[in-house]
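# Examination of the molecular architecture
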Amino acid sequence: GAVICTVPVLAGQYEDVVYKELRDYQSGQRVSAVMQAIIAERSDQDLHDLAAYYASLARAPAAEKTPAGVGPDATAVRLAMQGDPQRNIAPCAACHGQLDRKGAAPWLGGQSSVYLAAQLRAFASGERHNDINEQMRNVARQMTPEEIDSLAKYYAAMQ
């Protein structure tokens, strides 16, 4: 059976992403009792070293497989590659790496759909608020629960 993963896979993640998230945990900008306790006393150099280490690792295979003969959800592909300008939803790929990458945006491919959906919901509710210029909060608030789930599955199946 599939492993339900509620934490991100860091192997092969962009170095600036890992560093930013570690700094955000350390400052309390991003909240996690587990992470804050682990890195509270780490130096800035330690954070850079950890980020470089994780970035140097090979990316894991996709967390989830799309069933044979089943293509990705059309809504997810549209949101990922084109967004929805009428609702002020930018294409995910414009920041997260398939088309372009901006502002320490993480690579999303291969993360578990459970983790990705939880993060989108946390941005939508404002519970998570360490996005630059509220970009993720503004996008996630415009998305339906079904769109969040389909996008999470789309990225989980990506290498």
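Structure shown above.
What comes next is a walk through the structure. (Residues numbered from 1 in each chain as written. Predicted model: local features only at pLDDT ≥ 70, side-chain atom pairs only at ≥ 80, totals over all residues. Heavy atoms only, no water.)

### Remarks on the pattern of salt bridges
Tallied over the full model, the rule gives 13 salt bridges. For the salt bridge of Arg30 with Glu21, the shortest nitrogen-to-oxygen distance reads 2.7 Å. By the burial criterion, Arg30 is buried, and Glu21 matches it. A salt bridge links Arg78 to Asp84, with the shortest nitrogen-to-oxygen separation between them at 3.9 Å. Via salt bridges that share partners, Lys20, Glu21, Asp24, Arg30 and Arg128 belong to a single interconnected network. (Salt bridge = Lys/Arg side-chain N within 4 Å of Asp/Glu carboxyl O. Buried < 20%, exposed > 50% of the residue type's maximum accessible area, 1.4 Å probe, protein only.)

### So, the environment of Arg137
As for its position among the elements, Arg137 is in helix 7 (residues 135-142). On the basis of relative accessible area, Arg137 is assigned to the buried category, the value being 13%. Between the C-alpha atom of Arg137 and that of Phe123, which follows or precedes it by 14 residues, the distance is 4.7 Å. Every residue in contact with Arg137, bar those within four places of it in the chain, is listed here: Phe123, Gly126, Arg128, His129 and Asp131. (Helix = DSSP H or I, 4+ residues; strand = E, 2+ residues; numbered from the N terminus. Contact = heavy atoms within 4.5 Å.)

### Details of the packing of helix 6 (residues 113-125) against helix 8 (residues 145-156)
Contact geometry for helix 6 and helix 8: axes closest at 8 Å, N-to-C directions at 140°. Looking at the two axes, helix 6 sits oblique to helix 8. In the crossing of helix 6 with helix 8, the sense of the turn from one axis to the other is right-handed. Contacts between helix 6 and helix 8 involve Ser113, Leu116, Ala117, Leu120 and Arg121 on the former and, on the latter, Pro145, Ile148, Asp149, Ala152, Lys153, Tyr155 and Ala156. Residues that form the contact of helix 6 with helix 8 fall into these classes: 8 nonpolar, 1 polar and 3 charged. (Axes fitted to C-alpha atoms, helices over the stretch in contact; angles between N-to-C directions. Parallel < 35°, antiparallel > 145°, perpendicular 65-115°, else oblique. Left-handed = near helix turned anticlockwise from the far one by under 90°. Nonpolar A, V, L, I, M, F, W, Y, C, P; charged D, E, K, R; others polar.)

### Overview of helix 4 (residues 74-81)
Within the sequence span of helix 4, burial applies to Ala76, Leu79 and Ala80. Summarising the axial view, the buried residues of helix 4 lie within an arc of 100°, below the 170-degree limit, and thus occupy one face. One side-chain oxygen at the N-terminal end of helix 4 lies 3.2 Å from the backbone nitrogen of Thr75; it belongs to Asp73. The positive-phi residue at the C-terminal boundary of helix 4 is Gly83, with phi of around 70°. (Arc of directions from axis to C-beta. Polar contact = N/O pair within 3.5 Å; in protein donor to acceptor, adjacent residues only side chain to side chain.)

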